[in-house]
Amino acid sequence: MQPFKGLDEAIACPLPLANVDTDQLIPARFMKQPRAAGYGGFLLHDLRFATDGSARGLTLDDPAFAGARVLVARRNFGSGSSREAAVYALVDFGFRCVVAPSFGDIFASNAVNNGLLPARVDDDAAERLLDHAAAGRRVSVDLETRTIRAGGETIPFAVDEVWRTKLLNGWDDIDLTLSHAAAIRAFAAERAAVHPWSLPRDQG
């Protein structure tokens, strides 16, 4: 996974909605498509398009927000089912950070495992960032300091410390475990010396 340290002067797309669940992020009927085909075109499909295929005018399709790397939304983003495809759709669309007051727990975990930062801010900050983004102004995200710079304002955000470590290093769960390899080896050696009877016998 590519390390994520932040974004400098990134386009931010406002999505002034609360309770955007994973079925809205990617309707289930699209999940039979192979990931290699790309899920970005399915992101928020039923909010973006009418049944006849015409655009509803959601901000994601506004040319002013083309190439956006940051999505700003209201609370309870990514609630609902555990489908990882919701994260795939966001990442394949081009987003590297979602800013909201709260996230579905499983969604947030899946996001980190796919290099997408779930940055938690308070409700007032989210509203200010929505206004900032709607005005076409860019934002900078710094994961090392856990801050978002929007114009002259610096807004702190929260993210789990383990998730922050994984994103900064580009680690998945296996990489995180391997980062403790020396401690694991030391524990195994101590265990073998103190409790040799607990180890399986050599059948050779």
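Whatever comes next refers back to the structure up there.
Residues numbered from 1 in each chain as written. Predicted model: local features only at pLDDT ≥ 70, side-chain atom pairs only at ≥ 80, totals over all residues. Heavy atoms only, no water.

Draft legend 1. Main features of the overall build of the protein chain. When you go through the protein chain residue by residue, the secondary structure sums to 8 helices and 8 strands. By principal-axis analysis of the C-alpha atoms, the protein chain measures approximately 70 × 45 × 25 Å. Relative to its full complement of 204 residues, the protein chain shows a buried share of 41%. By sequence separation, contacts in the protein chain at least 24 residues apart represent 65% of the contacts at least 6 residues apart. Surface accessibility of the protein chain: about 10,700 Å² in total, with carbon and sulfur atoms responsible for 52%. (Helix = DSSP H or I, 4+ residues; strand = E, 2+ residues; numbered from the N terminus. Buried < 20%, exposed > 50% of the residue type's maximum accessible area, 1.4 Å probe, protein only. Contact = heavy atoms within 4.5 Å. Areas by Shrake-Rupley, 256 points an atom, 1.4 Å probe, with all protein chains shown as cover.)

Draft legend 2. Broad picture of the sheet that holds strand β3 (residues 70-73). Taken together, the 4 strands give an open sheet; going across it, the order is β2-β3-β4-β5, and neighbouring strands pair in parallel fashion. Each edge of the open sheet is held by one strand with a lone partner, namely β2 (12-15) and β5 (117-120). Averaged over all pairs of adjacent strands, the angle between strand axes in this sheet comes to 20°, irrespective of strand direction. One ladder, built from 3 bridges, connects β3 with strand β4 (residues 97-100); its direction is parallel. (Pairing = 2+ DSSP bridges. Axes fitted to C-alpha atoms, helices over the stretch in contact; angles between N-to-C directions.)

Draft legend 3. Helix α8 (residues 181-194), seen in detail. Compared with an ideal rise of 1.5 Å per residue, which puts 14 residues at 20 Å, α8 spans 20 Å between its outermost C-alpha atoms and is within 8% of the ideal. Within α8, only 0 of the 14 residues are buried, which leaves it mostly out in the open. (Expected span 1.5 Å × (residues − 1).)

Draft legend 4. Representation of the environment of D173 within the structure. The topology assignment puts D173 in helix α7 (residues 173-178). Between the C-alpha atom of D173 and that of A193, which follows or precedes it by 20 residues, the distance is 29 Å. Dropping the residues within four chain positions of it, D173 is found in contact with N113 and K166.

Draft legend 5. Representation of helix α6 (residues 161-169) within the structure. The set of residues buried in α6 consists of R164, K166, L167 and L168. Where α6 begins, one side-chain oxygen reaches toward the backbone nitrogen of V162, 2.9 Å away; that side chain belongs to D160. Positioned one or two residues after α6, G170 has a phi angle of 70°, which is positive. (Polar contact = N/O pair within 3.5 Å; in protein donor to acceptor, adjacent residues only side chain to side chain.)

Draft legend 6. Here's a closer look at the packing of helix α4 (residues 105-113) against α6. As a packed pair, α4 and α6 sit with axes 9 Å apart at the nearest point and diverge in direction by 25°. The angle between α4 and α6 falls in the class roughly parallel. In this structure, α4 contributes D105, A108, S109, V112 and N113 to the contact, and α6 contributes W163, K166 and L167. (Parallel < 35°, antiparallel > 145°, perpendicular 65-115°, else oblique.)

Draft legend 7. Representation of the nonpolar core in the model. Of all hydrophobic cores here, the largest spans 32 residues; its most connected members are L25, L71, F77, L90, F95 and F107. If you list the elements that add at least two residues to this core, you get β2, β3, α3 (85-93), β4 and α4. The biggest single contributor to this core is α3, with 6 residues. Here L25 is in contact with V20, F42, L43, L44, F77, G78, A86, A89, L90 and F107, once residues within four sequence places are set aside. (Core = buried A, V, L, I, M, F, W, Y, C linked by side-chain atoms within 4.5 Å.)

Draft legend 8. Up close: the pattern of salt bridges. A complete count under the given rule lists 10 salt bridges for this structure. Here D23 makes a salt bridge to R83, at a shortest N to O gap of 3.0 Å. Of this pair, D23 sits in helix α1 (residues 22-25) while R83 is found in the loop between β3 and α3, placing the two residues 60 residues apart along the sequence. Owing to a relative accessible area of 17%, R83 belongs among the buried residues under this scheme. R35 serves as the salt-bridge partner of D92, at 2.8 Å between the closest nitrogen and oxygen. (Salt bridge = Lys/Arg side-chain N within 4 Å of Asp/Glu carboxyl O.)

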